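If you want the building blocks of each chain, they are given just below.
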Amino acid sequence: MQFLTTDLCDAHPDLVRVVEPLFTNYGGKVCFGGPIVTVKCHEDNSVVRDTAATPGHGRVMVVDGGASMRRSLLGDMIAENAVKNGWQGFIIYGCIRDVDAIRELDIGVQALGRIPLRTDKRGIGQRDIAVTFGGVTFRPGEFVYADNNGIIVSAQALVS
């Protein structure tokens, strides 16, 4: 999948919602996109781990971690599992860890930052609900596209 979010914005100005420029690109796949699957969790990545273990079918996991900068919601083992299961990438409204290992994987990852601390595993979190951050609401089944220019969301596919 090759695209530039700048070109998608120019070609479809009425169809895109642009996420505020809060994120850094950490993944080995710089340009990624697909249908959205959402997870909402706070300093507990149990639902992220469990979701990454399911077939991704080219989807992108959008994780609302409440912008917590205290614990990582994604590490190399979950990211490796997501690659094996066909996920395109992650948008993490929070932190990740194992940055060097994740950069070597064929998966897109954008996050607010990085921290070496893992999360507690309490099994707390929600999946497939609308989440809002960066000035945009992400709905399951809509489409997200990310590259070094930014992140955009659309109710319909913009790239085939």
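Each chain has its residues counted from 1, running along the sequence as written. This being a predicted model, a pLDDT of at least 70 is required before a residue's local features are given, and a value of 80 or more before pairs of side-chain atoms are given or counted; all residues contribute to the totals for chains, interfaces and linings. For the side-chain quantities, the full set of heavy atoms in the structure was used; hydrogens and water were omitted.

Colleague: How should I be thinking about the overall build of the protein chain in this particular structure?
Modeller: When helices and strands are counted, the protein chain shows four helices and 12 strands. On C-alpha atoms alone, the protein chain measures out to a radius of gyration of 14 Å, which is about the 15 Å that the 2.2 N^0.38 rule sets for 160 residues. Over its C-alpha atoms, taken along the principal directions, the protein chain stretches across nearly 45 × 30 × 25 Å. Within the protein chain, buried positions represent 51% of all 160 residues. Pairs of residues are marked as contacts when any of their non-hydrogen atoms sit within 4.5 Å. Restricting to contacts in the protein chain with at least 6 residues of sequence separation, those with at least 24 account for 74%. The Shrake-Rupley method, run with a 1.4 Å probe sphere, supplies the accessible areas, and residue values consider only the shown protein chains as cover. Summing over all exposed atoms, the protein chain offers an accessible surface of approximately 7300 Å²; the carbon and sulfur share of this is 49%. Of the charged side chains in the protein chain, 16 are positive and 18 negative; the average position of the first set lies 7 Å away from that of the second. Per the convention used, a helix needs a DSSP run of H or I reaching at least four residues, while a strand needs a run of E reaching at least two, with both numbered from the N terminus. The globule rule used for comparison is 2.2 Å times the number of residues to the exponent 0.38, while the radius of gyration itself is calculated over C-alpha atoms. Exposure categories follow from relative accessible area, calculated using a 1.4 Å probe and restricted to protein chains: below 20% of the type maximum is buried, above 50% is exposed, and the middle band is partly exposed. Note that His is not counted, nor are the chain ends; the positive residues are Lys and Arg, and the negative ones are Asp and Glu. Charge coordinates come from a single atom per side chain, which is NZ of Lys, CZ of Arg, CG of Asp or CD of Glu.

Colleague: How should I be thinking about the pairing of strand β3 (residues 32-40) in this particular structure?
Modeller: It is a general feature of regular strands that their side chains alternate between the two faces of the sheet. β3 sits mainly inside the fold: seven of its nine residues count as buried. Two strands are said to pair when DSSP picks up at least two bridges between them. Relative to strand β11 (residues 143-147), β3 runs antiparallel, the two being bridged by four bridges. Opposite G33, over in β11, you have Y145 as the bridge partner. As judged from the five bridges shared by β3 and strand β4 (residues 60-64), these two strands associate in the parallel manner. Residue pairing for β4: K40 is matched across the bridge by D64. Here β3 pairs with strand β8 (residues 126-127) via two bridges, running antiparallel. Directly across from V39, in β8, lies its bridge partner R127.

Colleague: What am I meant to see in the pairing of β4 here?
Modeller: Counting buried positions along β4 yields five of five residues, so the element is predominantly enclosed. Residues V60, V62 and D64 line one face of β4 and the alternating positions M61 and V63 line the opposite face, and both faces are buried. Classification remark: right-handed applies to a crossover when, strands pointing away from the viewer, the course from the first strand over the helix to the second runs clockwise. Crossover handedness for the path β3 to helix α2 (residues 46-52) to β4: right-handed. Sheet topology places β4 next to strand β6 (residues 89-96); five bridges connect them, and they run parallel. By the bridge assignment for β6, M61 is matched with F90.

Colleague: Would you mind going over the state of the cysteines with me for this structure?
Modeller: Two cysteines joined by a covalent bond between their sulfur atoms form a disulfide. Here, the term disulfide refers to a pair of cysteine sulfur atoms separated by no more than 2.5 Å. Summed over all chains, the structure comprises zero disulfides. Free of any disulfide, C31 has its nearest neighbouring cysteine sulfur in C9, separated by 13 Å. Here C95 is not disulfide-linked; the sulfur of C41 is the nearest cysteine sulfur, at 12 Å. Its relative accessible area of 1% is what places C95 among the buried residues.

Colleague: What's the story with the packing of aromatic side chains in this structure? I'm lost.
Modeller: Given two aromatic rings, one states the distance between the centres and the angle between the planes to describe the pair. Each aromatic pair joins two rings of Phe, Tyr and Trp (for Trp, the six-membered one) with centres within 6.5 Å, and gets the label stacked for planes under 30 degrees apart, edge-to-face for over 60, and tilted for any other angle. Applying the stated criterion to the full structure yields five aromatic pairs. A ring pair is formed by F3 and Y145, whose centres lie 5.3 Å apart and whose planes are at 80 degrees; its orientation type is edge-to-face. Separated by 142 residues along the polypeptide, F3 in the segment before α1 (5-11) and Y145 in strand β11 bring together distant segments of the chain. The pair F3 / Y145 is uniform in exposure class, with both members buried. When the ring of F23 is compared with that of F133, the centres are 6.0 Å apart and the planes differ by 50 degrees; the resulting orientation is tilted. Taken as a pair, F23 in the loop between β1 (16-18) and β2 (24-25) and F133 in strand β9 (residues 131-133) lie far apart in primary sequence, 110 residues in all. The pair formed by F23 and F133 is uniform in burial state, with each residue classed as buried. Three or more aromatic residues link up through ring pairs in this structure, and these residues are F23, Y93, F133 and F138.

Everything listed here is a matter of geometry and, on its own, says nothing about what the molecule does.
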